[in-house]
Structures are given as structure tokens and as C-alpha cells.
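Each chain, letter by letter, is given below.
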Amino acid sequence: MSELHWEDLRFLDAIVRAGTVADAARDLGVAPSTIYRRMTALEAATGQSCIVRGDGVVALTDAGRALAKVAQQTRRGVLEAQGAFRAKETAIAGEVSLTTVESLLPYLAGPVAELTARHPITVTLTLTDRGPSVRDREVDCAIAIVQRPPPSCWGRRLCKLPYGVFGTAEALARQPERLWVTREEAERSSPESAWEREHAGRVAARAKFSAVVDLAAMGVGVALLPRLLAKMKGTLVEAAEHRASVSHLTRTAWVLTHEDQRRTPRVAALVDALVRHFEGFKEA
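Residues numbered from 1 in each chain as written. Predicted model: local features only at pLDDT ≥ 70, side-chain atom pairs only at ≥ 80, totals over all residues. Heavy atoms only, no water.

A separate point is the sheet that holds strand β7 (residues 163-167). Pairing is antiparallel across the open sheet formed by three strands, whose spatial order is β10-β7-β11. In the strand order of this sheet, the two ends are held by β10 (223-226) and β11 (237-238), each with one partner. Bridge count for β7 against β11 is two bridges, and the pairing is antiparallel. Note on β11: the bridge partner recorded for Phe-166 is Glu-238. (Pairing = 2+ DSSP bridges. Helix = DSSP H or I, 4+ residues; strand = E, 2+ residues; numbered from the N terminus.)

With that settled, consider the nonpolar core. Of all hydrophobic cores here, the largest spans 39 residues; its most connected members are Ile-143, Leu-158, Leu-225, Leu-274 and Phe-278. Dropping the residues within four chain positions of it, Leu-274 is found in contact with Leu-98, Leu-108, Pro-111, Ile-143, Leu-158 and Val-255. Membership of the second largest hydrophobic core comes to 18 residues, among which are Phe-11, Ile-15, Ala-25 and Leu-42. (Core = buried A, V, L, I, M, F, W, Y, C linked by side-chain atoms within 4.5 Å. Buried < 20%, exposed > 50% of the residue type's maximum accessible area, 1.4 Å probe, protein only. Contact = heavy atoms within 4.5 Å.)

Taken as a whole, helix α7 (residues 191-199) has its buried residues at Glu-192, Ser-193, Trp-195 and Glu-196. Around the axis of α7, the buried residues are gathered within 155° of arc, so they sit on the same side. Along its buried surface, α7 packs onto β7, β8 (179-183), β10, α10 (243-246) and β12 (251-258). (Arc of directions from axis to C-beta.)

Structure follows, in C-alpha cells:
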């Protein structure tokens, strides 16, 4: 047995959080072969098999689960310590991180440009449907579509997000029936997905949320979308006959941060910039 290194545990933690070696490698910015080398080193250090190698998806052995728990606790401890130090900062400078869905990228250019023009700040953006966690201090801020901030998170409302059914003129006029683009099965429990199951006709494609917007804009089919996101796609037209049935789906966009980080200058500055720029979308 050799010495156990935290860096190897960090790679194991990344695998657990991502679910696959390929996704973990992407999150860490390394090649999948690097992940496997780290796991080999971890197993050599412990004398135990930690993962069951298969077709991409990784299963943990008993030893792997025990080490993954240690890795998670260590990561959270490091992030808590880092957060405590950052909470004492006074300068609006350095790096601040933000995650949200890819579809909102066009609405981030304004606040990011304003913030970085005024202050020596670098904004790190993670654009994904399932981003890093504010609650676990993996990211400073997140724009999320939720009813209210979750426990241990603090948030400010950005805007209401009423929904509509949108498609290109050709998709709306398609005969003998319209084709639909709907959310992937992973979102099956959402109110939007429930509406789709009740009202959508023939489904041409299922995709993650951000891809639904683009597929609808390209004419693949009609889709249930927040008006704010449909508005930025010049090819999309609303199907007025669905307005009554989607009226109850109005959601709220929040900018969230950890309760401990809300007064950190760089975080507060990012939150303020986002709120200012989203003011104009309240009636979208």
C-alpha cells in the first residue's frame, strides 16, 4: 500500500457526483484516461477495489462508497472554510461563479459586461441543466426556476416566467397534425412535463430543457416554453389557443446564493447586476 492522496479522493468524488467517467472528466477538464489513472492510484493506496468498471456508468464497491463519503465530507469542509474566509472580504474583486441553464446565456451578457467593466472581477459561467450546487458551496450564485429559495440558500426574485406554446410558422401550420418537442424523461415529475403529457400530440423529439428551445426555433416542432426564452428567438410564434391551459404554469426565476455568502462583496455585486438587468423582463 502507498500513501493516500486527497487529489485521488477528489477524482472519486467527481465520479460520484457526475455519474459517469466521461462526465466527471468533462467537469474536471481532464481526459477520461486521467480519471482511470487516479482510480488505479487510489486502489493501490488502499489495497481495495473502489470502482466497478463498466460501460461508462461507474458502480462503487463497499470500499469505494466509504471513501466517497470521506471525499464528500472533505470537499464540503474545504468549501465551508473557503466560504468563511470569503465572507470577510471587503473588495469587489477576484472571481465569482454563476450557473444556470444554457438558454439564459443571452440575458447574462448585459450584467456580466456591466460588472466586469466596473470592477476587476472574472465571472466563471457554468451553463447546464444540472449545475453545481449553491447549497454545497460548489458555486457562488445560480439562476434557478423555483417556487422559493431552498433551505440554506438566500435569493432575490428576478422575474416572473409565464409560459406559452411556441413554434415556427411552418411548425404551427403543419398538417395533418403538429409535431412537438418535449422535455426529457428526467423531468417527468415537473408541472411542465405533466402539461405536455396531457396536451402534446405526436412527439418528434425529447431533449433537455435548453435543447427544447433551440429545436423549436429550428422548426422541429412546437414546444411549451417560458415566454422570456421564446422572445429571444425571432423564428418563434405563439399558439394563442393554448394560453388558457398554460396560465397556471407561471414560474419565478431567482438568483440564489448561500446564506453565508450573500454579503460577500463580489457575490453581492453580481446579484445586484443580475437584478437590475432582469427588471425589464418582469412583464415578459
